Amino acid sequence: MTAFPKLFSSFKIGSLNIKNRMVMSPMETHLCDKEGFVTEEIIAYYKERALGGVGYITLENTSVDPAGRVNDGMLCIHDDKFIAGLKMLTDCIHVVGGKVVLQLSHAGKEALPYYTGLKTVSPSAIPSPLTKEMPKELTIEEIKSIVNKFTDGAERAVKAGFDGVEIHMAHGYLVNQFLSPESNIRTDDYGGDTIRRSRFAREIVENIRKQSPKDYPVICRISADEYTDTGLKPEESKEIAKILEKAGASAIHVSACNYASAFFNIPCYYLEEGCFIHLAEGIKSAVKIPVLAVGRIMNPAMAENILKDNKADLVVFGRILIADPYFPNKVKDGRLDDIRTCLSCNRCIESISDKKLVCTVNPYIGKEGTSGLKKTIKPKKILIIGGGPAGLSAAHILSSRGHNVSLWEKESQLGGSFRFASMAPKKEPMRKFLDYLIRQVKNTNTKIQLNKEATTEAIKQFAAEVVVLAHGAKHVPVEINGTQRNDVLNVKNAFLSADSLGNNIAIVGGGPEGCELADFLASRGKKITVIEMMRVLGLGLVAHPRYHVRERLNKMGAKLHINTKVTEIGHNYLVVSRRREPDQELEGFDNIVIPTLHKSNTALAESIRTIVPEVYIAGDAVEGRTALEAIAEGVEIGMKI
Ligand SMILES: Cc1cc2nc3c(=O)[nH]c(=O)nc-3n(C[C@H](O)[C@H](O)[C@H](O)COP(=O)(O)O)c2cc1C
Ligand code: SF4
């Protein structure tokens with residue numbers, strides 16, 4: 001008996017029987033080839049998600065028109081030549097008991113001509129908010145032709161064995177561009193009031209409905225609120241949903257935003273969990289067909305309540321299924337502690353702007369099917385130095401594979417620099433993930449020693465066959481006149497001693513650490529000044545959290561100086577210089593925080609190479625980077641020893 005009976009009750013959309021109420025959101029992977037054909041990698045990726053127990057998968061954004069391709073990482077279905085590969089994919093999903101719906105898409109003015117070599121198109125000649133590229137205004141004839149391309153795409157989807165199609169009418173893509181008063185200012189039959197702006201969407205649904213098998217699911221994904229001043233609002237979206245229902249839509253999948261509000265579309269950790277549920281609830285009050293809710297829903301109890309409170313009929317999960325494909329089965333079996341939680345860090349969406357999908361916490365993306373742990377036939381005595389993400393990841397895998405693992409951590413707690421990074425506001429997902437990593441290791445036979453300094457002598461005495469050095473970077477203060485003073489603080493100490501700091505604090509360096517410390521201290525009521533020499537604050541953070549942390553700092557009244565170099569640090573004052581301006585003194589600070597460089601830390605490795613047969617280095621000890629590299633390297637070492 002599951003603790004989430006609603007979530008694990010069956011459901012039906014048209015001819016699609018769904019074993020539970022959990023749907024995988026469409027998410028581009030860039031695992032297809034450059035021409036948009038299915039690859040073995042993409043098949044393995046989706047097969048693993050089907051095995052993980054989700055009710056049905058919505059296959060990513062697939063282009064119905066070469067001119068509607070966002071870039072060369074987008075799957076295609078604009079020609080019959082794509083059917084065979086897609087059929088292989090659906091077969092592989094069906095064979096393991098999964099169901100799969102294809103998302104049909106045309107990016108309109110958000111397609112990138114750099115990749116397509118074609119002029120972008122849109123209902124009106126209004127530039128893309130992102131690229132500023134001016135699209136060509138579509139003629140009536142061209143509109144009809146694109147309606148046919150969607151219909152042809154759906155016909156091919158049926159031939160390729162998909163259990164349904166979802167029309168991408170959201171996120172600022174072409175159909176959304178027609179629906180929205182922000183991007184559609186036509187004065188003919190395809191523009192004007194709600195009915196006219198909905199005509200393109202309606203014709204697509206009607207045509208697909210006419211040509212598809214009876215009850216074939218045709219799901220419409222809309223942005224019920226575009227979160228812009230002049231875009232679609234929830235009330236008008238209810239009218240649109242009714243029009244789509246009448247046209248023959250089988251269900252409405254309620255998302256939000258367009259390219260102008262893209263920092264809200266895939267809600268990062270600064271936004272609330274379940275932040276679009278109210279939109280689904282609104283649409284549900286307007287239509288009789290099933291409604292799907294999406295948007296940072298990662299907690300099964302929240303999902304269960306959405307269904308119990310009748311706010312939606314199905315719950316859509318995106319990034320949590322990138323992070324952990326087995327999320328549905330784990331929820332079903334009550335193994336909540338085993339869920340590899342998603343950080344909502346949005347490294348995934350940033351990765352696919354020009355590369356294959358990556359995930360901070362899941363290094364197996366694109367390598368699905370190889371993640372099974374092989375027991376070792378020759379267990380070794382292994383010592384891991386450092387209990388941050390790299391060391392913990394390696395320890396978990398090596399122990400699980402049957403090695404005899406000890407882990408030394410010089411601090412009194414596990415977590416390494418990740419623990420400090422997760423102290424900043426809104427970073428609960430990082431704290432949860434760290435707890436998950438620690439739990440995973442504690443469930444193995446790893447012998448953990450805290451407060452244990454790893455000297456060459458101690459390592460020699462321990463006599464391990466293998467040492468994995470995951471002891472973090474060497475922290476070196478930046479070279480500015482005054483950083484050697486003993487009245488300055490580094491970022492870590494500032495986090496740890498926040499309550500004893502004065503009220504007026506200067507933070508030198510507005511990179512990721514500086515911004516997050518500023519947020520941490522400003523949230524405690526401190527008066528903050530950040531001085532950054534680059535022209536962008538938070539460089540190194542993923543774009544979405546970078547946008548939100550800056551917004552937060554602005555709202556809290558932090559003084560943010562960019563293009564400003566600190567040339568001297570004194571007692572309670574800083575001398576700063578800006579191009580073409582005389583040097584200036586900023587004074588009156590109670591505390592000054594200086595940045596540290598995270599340098600490669602290999603001295604210990606050199607000193608033990610002659611006394612330990614096998615030595616590996618992982619994470620920041622190689623070079624200061626992010627948790628993604630640390631976890632990936634820890635896992636890789638764990639697999640290969
Ligand atoms: C890597 C990535 C790729 C995405 N690609 C698509 C896509 O192809 N089509 C689409 O409608 N939404 C896309 N989205 C948005 C998701 O479908 C979903 O709406 C969003 O991630 C919020 O859900 P979540 O909070 O459960 O992740 C993408 C999101 C991510 C993270
Ligand atoms: S990259 Fe970050 S946001 Fe994306 S799935 Fe992985 S943990 Fe979640």
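Residues numbered from 1 in each chain as written. Chains lettered and ligands numbered in written order. Predicted model: local features only at pLDDT ≥ 70, side-chain atom pairs only at ≥ 80, totals over all residues. Heavy atoms only, no water.

Observations regarding the sheet that holds strand S26 (residues 591-594)
Thinking step 1. Across the sheet, 5 strands lie side by side as S19-S26-S20-S21-S22; this open sheet has parallel pairing. A single partner strand is all that each edge strand has here, and the edge strands are strand S19 (488-490) and strand S22 (559-561). Neighbour to neighbour, the strand axes of the sheet diverge by 20 degrees on average, direction disregarded.
Thinking step 2. Bridge count for S19 against S26 is 3 bridges, and the pairing is parallel. Its bridge partner being in S26, Asn 490 is matched across the sheet by Ile 594.
Thinking step 3. Of the strands in this sheet, strand S20 (504-508), strand S21 (527-531) and S26 are in contact with helix H20 (residues 512-522), which crosses S20 at around 170 degrees. (Pairing = 2+ DSSP bridges. Helix = DSSP H or I, 4+ residues; strand = E, 2+ residues; numbered from the N terminus. Axes fitted to C-alpha atoms, helices over the stretch in contact; angles between N-to-C directions. Contact = heavy atoms within 4.5 Å.)

Re the packing of helix H15 (residues 389-400) against helix H17 (residues 428-442)
Angle between the axes and distance between the axes: these two values describe a pair of packed helices.
Thinking step 1. The N-to-C vectors of H15 and H17 enclose an angle of 35 degrees; their axes lie 9 Å apart at closest approach. With respect to the hand of their crossing, H15 and H17 are arranged in left-handed fashion. Two secondary-structure elements touch here, H15 through Pro 389, Leu 392, Ser 393, Ala 395 and His 396 and H17 through Leu 434, Leu 437, Ile 438, Gln 440 and Val 441.
Thinking step 2. Taken together, the residues of the contact of H15 with H17 break down into 7 nonpolar, 3 polar and no charged. (Left-handed = near helix turned anticlockwise from the far one by under 90°. Nonpolar A, V, L, I, M, F, W, Y, C, P; charged D, E, K, R; others polar.)

Comments concerning the packing of helix H1 (residues 40-51) against helix H2 (residues 83-95)
Thinking step 1. Where H1 contacts H2, the two axes come as close as 9 Å, and the packing angle between them is 25 degrees. It follows that H1 is roughly parallel to H2 by the angle criterion. Seen along the crossing, H1 lies across H2 with a hand that is right-handed. Judged by residue contacts, Ile 42, Ile 43, Tyr 46, Lys 47 and Ala 50 of H1 engage Met 88, Leu 89, Cys 92 and Ile 93 from H2.
Thinking step 2. Looking at the contact of H1 with H2 residue by residue, the class counts come to 8 nonpolar, no polar and 1 charged. (Parallel < 35°, antiparallel > 145°, perpendicular 65-115°, else oblique.)

Here's the deal with H20
Thinking step 1. Where burial is concerned, most of H20 is hidden: 9 out of the 11 residues are buried.
Thinking step 2. Buried residues along H20 sit against helix H16 (416-421), helix H19 (491-496), S20, S21, helix H21 (543-555) and S26. (Buried < 20%, exposed > 50% of the residue type's maximum accessible area, 1.4 Å probe, protein only.)

Describing the site of ligand 1
Thinking step 1. Surveying the vicinity of ligand 1 reveals 20 residues, the closest of which are Pro 26, Asn 61, Arg 221, Arg 296 and Arg 319.
Thinking step 2. Backbone polar atom of Asn 61 to an oxygen atom of ligand 1: 3.3 Å apart, as the coordinates give it.
Thinking step 3. Within the side chain of His 168, one N or O atom sits 3.0 Å away from an oxygen atom of ligand 1.
Thinking step 4. For ligand 1, whose accessible area on its own is 610 Å², the fraction buried by protein is 98%.
Thinking step 5. In the shell around ligand 1, the residues fall into 9 nonpolar, 7 polar and 4 charged. (Near = heavy atom within 4 Å. Polar contact = N/O pair within 3.5 Å; in protein donor to acceptor, adjacent residues only side chain to side chain. Areas by Shrake-Rupley, 256 points an atom, 1.4 Å probe, with all protein chains shown as cover.)

Some details on the packing of aromatic side chains
Thinking step 1. For the structure on display, the rule yields 16 aromatic pairs.
Thinking step 2. Pairwise contacts between aromatic rings join Phe 150, Phe 178, Tyr 190 and Phe 200 into one cluster.
Thinking step 3. The lysine or arginine in question, Lys 381, covers the ring of Phe 462, its NZ or CZ lying 4.3 Å from the ring centre.
Thinking step 4. Taking NZ or CZ as reference, Arg 524 lies 3.9 Å from the ring centre of Phe 520, over its face. (Phe/Tyr/Trp six-rings, centres within 6.5 Å; stacked < 30°, edge-to-face > 60°. Lys NZ or Arg CZ within 6 Å of the ring centre and 35° of its normal.)

Side note on H15
Thinking step 1. Under the 1.5 Å per step criterion, the end-to-end length of H15 is 16 Å for 12 residues, consistent within 8% with the ideal 16 Å.
Thinking step 2. Listing the buried residues of H15 in full gives Pro 389, Ala 390, Gly 391, Leu 392, Ser 393, Ala 394, Ala 395, Ile 397, Leu 398 and Ser 399.
Thinking step 3. Residues of H15 that are buried make contact with strand S14 (381-385), strand S15 (404-408), H16, H17, strand S17 (466-469) and helix H23 (627-640).
Thinking step 4. A positive phi of about 105 degrees marks Gly 402, the residue just after H15. (Expected span 1.5 Å × (residues − 1).)

Quick notes on the pairing of S21
Thinking step 1. Within S21, 4 of the 5 residues are buried, leaving the element largely enclosed by the surrounding structure.
Thinking step 2. For S20 and S21, the ladder comprises 5 bridges, and the chain directions are parallel. If you follow Val 508 over to S21, its bridge partner there is Ile 531.
Thinking step 3. Viewed along the sheet, the connection from S20 through H20 into S21 turns out right-handed.
Thinking step 4. Handedness of the S21-H21-S22 crossover: right-handed. (Right-handed = clockwise from strand over helix to strand, strands pointing away.)

A short note on the pattern of salt bridges
Thinking step 1. For the coordinates displayed, the defined rule picks out 34 salt bridges.
Thinking step 2. Connected through shared salt-bridge partners, Lys 144, Asp 189, Arg 196, Arg 199 and Glu 203 make up one network. (Salt bridge = Lys/Arg side-chain N within 4 Å of Asp/Glu carboxyl O.)

Topic: the nonpolar core
Thinking step 1. Leu 104, Met 169, Phe 200 and Leu 244 are the most contacted members of the largest nonpolar core, which totals 159 residues.
Thinking step 2. A per-element tally of this core places H17 first, with 7 residues.
Thinking step 3. Setting aside residues no more than four positions away along its own chain, Leu 104 makes contact with Thr 62, Val 64, Ile 77, Phe 150, Gly 153, Ala 154, Val 165, Glu 166, Ile 167, His 168 and Ile 208.
Thinking step 4. Membership of the second largest hydrophobic core comes to 15 residues, among which are Ile 385, Trp 408, Ala 464 and Ile 608. (Core = buried A, V, L, I, M, F, W, Y, C linked by side-chain atoms within 4.5 Å.)

Notes on the environment of Val 508
Thinking step 1. Turning to its location among the elements, Val 508 is positioned in strand S20.
Thinking step 2. On the accessibility criterion, Val 508 (5% relative accessible area) is buried.
Thinking step 3. Residues Val 508 and Val 593, 85 residues apart in the sequence, show an inter-C-alpha distance of 6.0 Å.
Thinking step 4. Contact partners of Val 508, with chain neighbours within four places excluded, come to Ile 480, Ile 531, Val 566, Ile 569, Leu 574, Ile 592, Val 593, Ile 594 and Pro 595.

Considering the environment of Gly 538
Thinking step 1. Among the structural elements, Gly 538 can be located in the loop between S21 and H21.
Thinking step 2. Gly 538 sits 25 residues away from Glu 513 along the chain, and the two C-alpha atoms are 8.1 Å apart.
Thinking step 3. In this view, Gly 538 contacts Gly 510, Gly 511, Pro 512, Cys 515 and Arg 546; residues no more than four positions away in its chain are not counted.

Describing the site of ligand 2
Thinking step 1. In the neighbourhood of ligand 2, the contacting residues comprise Arg 319, Ile 322, Cys 342, Leu 343, Ser 344, Cys 345, Asn 346, Arg 347, Cys 348, Cys 359, Thr 360 and Val 361.
Thinking step 2. Mapped onto the shell around ligand 2, the elements with two or more residues apiece are helix H12 (319-323) and helix H14 (347-351).
Thinking step 3. In terms of residue class, the shell around ligand 2 is built from 7 nonpolar, 3 polar and 2 charged.

Some points on the domain arrangement of the protein
How large an interface is tends to be reported as the accessible area lost when its parts come together.
Thinking step 1. When its domains are assigned, the protein resolves into domain 1 (11-351), domain 2 (381-473 + 600-640) and domain 3 (476-598).
Thinking step 2. Spacing between the C-alpha centres of domain 1 and domain 2 amounts to 40 Å.
Thinking step 3. Between domain 1 and domain 2, the buried area comes to about 1,200 Å², and carbon and sulfur atoms account for 56% of it.
Thinking step 4. Sorting the residues of domain 1 by area buried against domain 2 places Tyr 269, Leu 343 and Arg 347 first, and these three jointly supply 43% of that buried surface. (Domains from an automatic or database assignment. Buried area = accessible area lost by both parts, 1.4 Å probe.)

Focus on the sheet that holds strand S23 (residues 565-570)
Thinking step 1. One open sheet accounts for 3 strands, arranged S23-S24-S25; its pairing is antiparallel. Strand pairing shows two members of the sheet lacking a second neighbour, S23 and strand S25 (584-587), which therefore form its edges. Strand-to-strand twist in this sheet, taken as the mean axis angle between neighbours without regard to direction, amounts to 25 degrees.
Thinking step 2. The pairing of strand S24 (residues 573-577) with S25 spans 4 bridges and is classified as antiparallel. Among the inter-strand pairings, Tyr 573 is bridged to a residue of S25, identified as Glu 587.

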